[in-house]
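Each chain, written out:
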Amino acid sequence: MSNKPVALVTGAGQGIGRGIAIELAKNGFDIIGNDCIFDPEDKQKGLFEVKARVEELDAVFLPVKGDISLPDDHDKILKKALSQFDRIDVLVNNAGIAPKQRLDVLDTTMESFDRVMSVNIRGAFFLTQKIARQMIKQVEKDPLMKPCIIFISSISAEVSSPSRAEYCISKAAVSQAARIFADRLCEYGINVYEIRPGIIKTQMTAPVQEKYDKLIQEGLVPQQRWGAPEDIGKAVVALAKGYFDYSTGLIVEVSGGMNIRRL
Ligand code: NAD
């Protein structure tokens, strides 16, 4: 067993989760990569492509199947993680979904609302509860340990998009969950942070690529480019390495300057 710190990343099979796993591996972490899509035969994409990439970086990658919207899968993820590692140093709540169809807020359906909430907030919230309890046990055994938890929310936690209200509402809830866990876990020295990505090029934004290409060209993003998964990965590394040790509850926006109000 290696004695590197271990990071559990949800939704690690592609996109931002993949970028986070790779950046953490480059910076001295072993990875437990979770995803609900799990195909050991597929080495071109998904968890097993990421596993190969992480292993090239001399890090261990444990692929773990699990749908974070299902509480039973939380137990399975933790059990599997602890079968290979005796600790979890970092939890990155990254797995998230967009509505299948963008509908005006006046037409949003309960079905879509429940689907998005079940993954983006209910899943992340209860998985965090479970992993936080594990981290508390670790800290009680070894007070020198300094685990942390990172929630990947979105600028949609604050920005209004009337064509995907359920997504924005779920991300606002993620933001509050991060704050509450940060508050509660202080006494154990477990820091909790929130990262708010802006417009990042992944499968999630593929259906609206042309729309965002145009908006970026027209100046929507001050840094004038799409974000890449590695932009989020680098922010995760900075937090996971403890460079913001005195800043629990910190919100880090990684959006190319979309936080700047402009006239
Ligand atoms: P993506 O769709 O490319 O990848 C998401 C990954 O999560 C996939 O591998 C998917 O299989 C997995 N996943 C989905 N539901 C899951 C579940 N229930 N259990 C386990 N795994 C699950 O999306 P992405 O763009 O990489 O987004 C990652 C996170 O970043 C999401 O929380 C998303 O809301 C957030 N985000 C993305 C953007 C963006 O512009 N792409 C912007 C802001 C925030």
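Our subject in this report is the structure included herewith. What you see is a predicted model; the values in this text were computed from it and never measured. (Residues numbered from 1 in each chain as written. Predicted model: local features only at pLDDT ≥ 70, side-chain atom pairs only at ≥ 80, totals over all residues. Heavy atoms only, no water.)

## Considerations on the site of the ligand
Part 1 of the reasoning: In the neighbourhood of the ligand, 29 residues make up the surrounding shell, with Ile16, Asp35, Asn94, Tyr167 and Thr202 lying closest.
Part 2 of the reasoning: Measuring from an oxygen atom of the ligand, one finds a side-chain N or O atom of tyrosine 167 at 2.6 Å.
Part 3 of the reasoning: For the ligand, whose accessible area on its own is 830 Å², the fraction buried by protein is 93%.
Part 4 of the reasoning: Of all elements in the fold, only helix H1 (15-26), strand S2 (30-35) and helix H5 (165-185) reach the threshold of two or more residues within the shell around the ligand.
Part 5 of the reasoning: The class makeup of the residues in the shell around the ligand is 13 nonpolar, 13 polar and three charged. (Near = heavy atom within 4 Å. Polar contact = N/O pair within 3.5 Å; in protein donor to acceptor, adjacent residues only side chain to side chain. Areas by Shrake-Rupley, 256 points an atom, 1.4 Å probe, with all protein chains shown as cover. Helix = DSSP H or I, 4+ residues; strand = E, 2+ residues; numbered from the N terminus. Nonpolar A, V, L, I, M, F, W, Y, C, P; charged D, E, K, R; others polar.)

## A few points about the pattern of salt bridges
Part 1 of the reasoning: One pass over the structure, following the stated rule, counts 15 salt bridges.
Part 2 of the reasoning: With its nearest N and O atoms 2.9 Å apart, the salt bridge here joins glutamate 49 to arginine 18. Of this pair, glutamate 49 sits in helix H2 (residues 47-56) while arginine 18 is found in helix H1, placing the two residues 31 residues apart along the sequence.
Part 3 of the reasoning: By relative accessible area, which is 17% here, glutamate 49 ends up buried.
Part 4 of the reasoning: Here arginine 18 falls in the partly exposed class, since its relative accessible area comes to 27%.
Part 5 of the reasoning: Residue arginine 184 pairs with glutamate 187 through a salt bridge whose shortest N-O separation is 2.9 Å.
Part 6 of the reasoning: The class of arginine 184 is partly exposed, set by a relative accessible area of 47%.
Part 7 of the reasoning: Here the salt bridges do not stand alone but share partners, grouping Glu158, Glu194 and Arg196 into one network. (Salt bridge = Lys/Arg side-chain N within 4 Å of Asp/Glu carboxyl O. Buried < 20%, exposed > 50% of the residue type's maximum accessible area, 1.4 Å probe, protein only.)

## Considerations on H1
Part 1 of the reasoning: Given a rise of 1.5 Å per residue, twelve residues ought to cover 16 Å, and the 17 Å separating the end C-alpha atoms of H1 matches this to within 8%.
Part 2 of the reasoning: In terms of burial, H1 is largely enclosed, as ten of its twelve residues are buried.
Part 3 of the reasoning: For H1, the complete set of buried residues consists of Gly15, Ile16, Gly17, Gly19, Ile20, Ala21, Ile22, Glu23, Leu24 and Ala25.
Part 4 of the reasoning: Positive backbone phi, at 95 degrees, marks glycine 28, one or two positions downstream of H1. (Expected span 1.5 Å × (residues − 1).)

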